[in-house]
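# Notes for the structure review
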Amino acid sequence: MNEPVISMKNIRYAYENKQVLNEIDFILPKGAFMGLIGPNGGGKTTLIKLILGLTKPSQGSITLFNEPIEKFKAWNKIGFVSQKSNSFNKGFPATVYEVVSMGLTAKVGYLKFFKHKHKSKILHAIDLVGMSEYAYENVGNLSGGQQQRVFIARALVSDPELLILDEPTVGVDYENVQRFYELLRDLNKNQHITLLLVTHDTGTMTEYATDIACLNRSLHFHGNPEEYKELTEKDLSRVYGHPVNLVTHDH
Amino acid sequence: MLADFLEFDFLRNTFLTGLLIGVIAPLLGTFIVVRRLSLIADALSHVTLAGIAFGLFVEKKFAITFITPLYSGMFFSVMGSIFIEKLRSVYKSYQEIAIPIILSGGVGLSVIFIALADGFNTELFNYLFGSVSAVSRNDFLSILGISVFIAIIITLFYKELFTLSFDEEHARVSGIHAKRIHFLFIVLTALVIAASIRIVGVLLVSALMTLPVAASMRLAKGFKQMMLLSIVFGELAVIIGLITGYYLSIPPGGTIVMVSIIILLLSISLKRFRYRTIKVRDNNEH
C-alpha cells in the first residue's frame, strides 16, 4: 500500500457529552480516490473537520503527510470543497477568476501581491475544470454544476496533493454529476491528486472510487468497490442503523 | 460653480476632504455591504457622536484643546468597534445583537455629554448633518493622513479581505487569520466613519458607505469593478452634494445622500432597461 496521506488512530470525538465518533482507525493511502459514505448525523462532516484541524478530537492522534496534525503547517497541500460552498451569497459580484484566485491567497502570503505566474495558474485551474469560457462571468449567474466546478478550481489552484470534497454533488443534476465524477477521475489518474469524497450518492461513486469507507459513528467498512458491492442488505442495515433495501439501477 | 470652492480656504479644505471621503467611504463600504454588516456602520457612527460630544464637553468645560472632537470621536469609534467584536464573540448565535447594544450605548453617552456640555449648539448640529464650513486645515491634514493609511492597508490586505468576505470558512481552512483580518477591517471602518463625519454628519455617514455600493452592485461584473464603480458614484455624490448644499445653504449631508439615492435609482432603472433590451433582442432572434 502507498504511504498514508491521512492516518487517524483511535479517534474519539464527543460534543456536549454526546459521542459523535468512536474508536476510528482510518488510513487514506496516497493516490486513492476514496468515497466516504454513511447516514446523516453519522459523523462524516465531523471527521472532515478533524482532518482539516477545524476541531480537535477528544482522544486519539491524527497524522497528515506523516506529520502530527499539531505540527502540520503545509495546509496548501490540502484542497477543500465544502458542503456549504454552493450556498454562498448568489448576489456577491465576484467573477469566476476572482473566486479561483482566493485559492492562492494564503499561499501567496500576507503583504504580497499576485504576480504574472499566479495569474496563469488561476487561468490554468479554470481551464482544468472546463470553465475557461466563463472566466470573467459573475459566479452567481452560473448553474449549480458550473459553480461546483469553480469551487473545485479554487481548491486546485494551490496545487494540492489531497482534495477533500464534502457532499459536492448536492443540488446538481444527474448529467452534471456524471461529468463531475469524470473530472474527479481525471484529477485522480492524470494529476495524481488523492481524493476523499463525502457523498450520499453510493451508486455513481462506486463506479469511480478506488476505496470506500462507511461511517456511522464508528468505521463499519473499509475496502474496495467490489468488496462493497458484496455487502448484503444486513451489513448495510448495520451501517445505517435501520433496515436497508438495496435497489439497483442503470446509472 | 466650483470657483468659490477654489477661492476660499475653508471651502477648499471642505472640497478636498470631500474628495478623500468620496474614495475611502465606498472603498470600505464595498466590504461592509457584501459582508452584510451595513448596520455596524450606523452603530459606530452613533458611538462616534458620543466621542465628539465628549470632545466638545472637555473643550468647553476644561479648555483642553489638544483633544479635538475629531480625535475623541475617532477614539470612541475604534473603542466601539472593539466592543462590537467582543459582543459578537459572546453572542455567537445572535451576533447582530451587538449592533443595538452599541448603538443605544452610543446615543445614551452622547445625550449625557451633550447635557454636560450645556446642551445643543451649532457645532454639534454640524456634526449631526455635516457642514461645508466646518473643516479646518488641521482637520483636512488629519483626514488626509487617515485616508492614505486606509488606502495602503486595503491595498496590502485586499486579497485576504476579499477572501474573508466571500467565504469565511474557506478563508480559515486555507490558513488565513480570519479573526485578525476581521479586527483590522472593523478598526478601519471606525476610522473611516470618524473621518467622514465632518462632511456628511453622524446621521448620514453610513449612507455614503452603502448607497454607492448598492448602486454599483447592480451594474458591476466582478468585485474590483464594483469597488471602482462605487468610488466613482461616491465622488459624484460628494461633489454634486457639496456644491448644491453650499449654494442652497443646506447641510451637505442631506444633499450628498440625496444625490446618492438618485444615482441608486438611476442604476436600478438602467439595469431594468438593459434587461428588457436583452429580452426583446432574444425574442426577436427566436
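The structure we're discussing is the one just above.
This report concerns the structure included in the present document. Since the structure is predicted, the reported quantities are computational estimates derived from the model, not experimental observations.

Moving on, we get to the overall build of chain B. Along chain B, the regular secondary structure elements total 13 helices and 0 strands. Its helices and strands in sequence order give chain B the pattern α-α-α-α-α-α-α-α-α-α-α-α-α, from N to C terminus. Here the C-alpha atoms of chain B give a radius of gyration of 20 Å, agreeing with the 19 Å that 2.2 N^0.38 yields for 286 residues. With the principal axes as the frame, chain B shows a C-alpha extent of 75 × 50 × 30 Å.

Take the overall build of chain A next. When helices and strands are tallied, chain A shows 8 helices and 10 strands. When its C-alpha atoms are laid out on the principal axes, chain A stretches across 55 × 45 × 35 Å. Every one of the 251 residues in chain A was classed for burial, and the buried ones make up 51%. Here chain A carries 27 positive and 27 negative side-chain charges, and the mean point of each set is 10 Å from the other.

This part is about the packing of aromatic side chains. Residues and elements named next belong to chain A. Within the structure shown, the criterion is met by 28 aromatic pairs over all chains. Considering the side-chain rings of Tyr181 and Tyr208, the 5.3 Å spacing of their centres and the 25° angle between planes classify their relative orientation as stacked. Here Tyr181 is found in helix α5 (residues 174–189), whereas its partner Tyr208 is found in helix α6 (residues 202–208), with 27 residues between them in sequence. Judged on exposure class, the residue Tyr181 and its partner Tyr208 are both buried.

Before going further, it helps to spend a moment on helix α6 (residues 122–129) of chain B. Residues and elements named next belong to chain B. All buried positions along α6 are accounted for by Leu124, Asn126, Tyr127 and Leu128. Where α6 is buried, its residues contact α3 (38–62), α4 (69–90), α5 (98–116) and α10 (178–200). Gly130 sits one or two residues past α6 and shows a positive phi near 85°.

So, on to helix α11 (residues 205–217) of chain B. Each turn of an α-helix holds 3.6 residues, which means side chains three or four residues apart point in the same direction. Residue and element names in this part refer to chain B. For α11, which comprises 13 residues, the first-to-last C-alpha distance of 19 Å matches the rise-based estimate of 18 Å (1.5 Å per residue) to within 8%. Of all the 13 residues making up α11, 11 are buried; the element is thus mostly covered by neighbouring parts of the structure. Listing the buried residues of α11 in full gives Val205, Ser206, Ala207, Leu208, Met209, Thr210, Leu211, Pro212, Val213, Ala215 and Ser216.

Bringing the side chain of A:Thr206 into the picture now. Residue and element names in this part refer to chain A. Mapped onto the fold, Thr206 is located in helix α6. A relative accessible area of 10% places Thr206 in the buried class. Here Thr206 is in contact with Ile212, Pro225, Tyr228 and Lys229, once residues within four sequence places are set aside.

Glancing now at the sheet that holds strand β10 (residues 218–223) of chain A. By way of backbone hydrogen bonds, the strands of a sheet pair with one another, either parallel or antiparallel. Residue and element names in this part refer to chain A. Here 6 strands make up an open sheet; going across it, the order is β6-β7-β8-β3-β9-β10 and the pairing mixed. The sheet is open, and its two edges are formed by β6 (78–81) and β10, each paired on a single side. Neighbour-to-neighbour, the strand axes of the sheet open up by a mean angle of 15°, direction not taken into account. Summarising the sheet, strand β7 (residues 162–166) and strand β8 (residues 194–198) pair through 5 bridges and their orientation is parallel. The residue bridging Asp166 from the neighbouring strand is Val198, located in β8. Running over the sheet, α5 touches β3 (33–37), β7 and β8 and is turned about 150° from β8.

For the rest of this paragraph, the subject is a positive patch on the surface. Where like charges cluster on the molecular surface, the positive patch consists of B:Arg218, B:Lys271, B:Arg272, B:Arg274 and B:Arg276. Take B:Arg274: it is sitting in helix α13 (residues 252–285).

Moving on: the environment of B:Phe5. Residues and elements named next belong to chain B. Position of Phe5 relative to the elements: it lies in helix α1 (residues 3–7). The exposure class of Phe5 is buried, given its relative accessible area of 0%. Phe5 sits 124 residues away from Phe129 along the chain, and the two C-alpha atoms are 20 Å apart. Excluding residues that lie within four positions of it along the chain, Phe5 makes contacts with Leu11, Arg12, Phe15, Leu242, Ile243 and Tyr246.

Between chain A and chain B, the contact holds 32 residues from the first and 28 residues from the second. Taken over both partners, the interface formed by chain A and chain B buries close to 2,600 Å², and the fraction arising from carbon and sulfur atoms is 66%. Here chain A and chain B share 2 salt bridges between them. Across the pair B:Lys221 and A:Glu137 runs a salt bridge, and its minimum N-O distance is 3.6 Å. At the junction of chain A and chain B, the tally comes to 12 residue pairs in polar contact (both at pLDDT 80 or more).

Residue and element names in this part refer to chain A. Mapped onto the fold, Lys18 is located in strand β2 (residues 18–29). The exposed category is assigned to Lys18, whose relative accessible area is 53%. When neighbours within four sequence positions are excluded, Lys18 is seen to be in contact with Tyr13 and Arg217.

Residues and elements named next belong to chain A. Pairing geometry for strand β1 (residues 4–15) and β2, over 8 bridges, is antiparallel. Its bridge partner being in β2, Ala14 is matched across the sheet by Gln19. The turn joining β1 and β2, which pair antiparallel and follow one another in sequence, is formed by 2 residues; a positive phi near 45° is taken by Glu16.

Our focus in this paragraph is the pattern of salt bridges. All names here are of chain A. In this structure the tally under the stated criterion is 11 salt bridges over all chains. Residue Glu182 pairs with Arg185 through a salt bridge whose shortest N-O separation is 3.9 Å. With a gap of 3 residues between them, Glu182 and Arg185 both fall in helix α5, about one helical turn apart. The class of Glu182 is partly exposed, set by a relative accessible area of 40%. With relative accessibility at 28%, the residue Arg185 sits in the partly exposed group.

Thresholds, definitions, all that
Residues numbered from 1 in each chain as written. Chains lettered and ligands numbered in written order. Predicted model: local features only at pLDDT ≥ 70, side-chain atom pairs only at ≥ 80, totals over all residues. Heavy atoms only, no water. Helix = DSSP H or I, 4+ residues; strand = E, 2+ residues; numbered from the N terminus. Rg over C-alpha atoms; globule rule 2.2 N^0.38 Å. Buried < 20%, exposed > 50% of the residue type's maximum accessible area, 1.4 Å probe, protein only. Lys, Arg positive; Asp, Glu negative; His and termini not counted. Charge placed at Lys NZ, Arg CZ, Asp CG, Glu CD. Phe/Tyr/Trp six-rings, centres within 6.5 Å; stacked < 30°, edge-to-face > 60°. Contact = heavy atoms within 4.5 Å. Expected span 1.5 Å × (residues − 1). Pairing = 2+ DSSP bridges. Axes fitted to C-alpha atoms, helices over the stretch in contact; angles between N-to-C directions. Patch = residues over 30% accessible without salt bridge, like charges linked within 9 Å, V, L, I, M, F, W, Y side chains within 5 Å. Areas by Shrake-Rupley, 256 points an atom, 1.4 Å probe, with all protein chains shown as cover. Salt bridge = Lys/Arg side-chain N within 4 Å of Asp/Glu carboxyl O. Buried area = accessible area lost by both parts, 1.4 Å probe. Polar contact = N/O pair within 3.5 Å; in protein donor to acceptor, adjacent residues only side chain to side chain.

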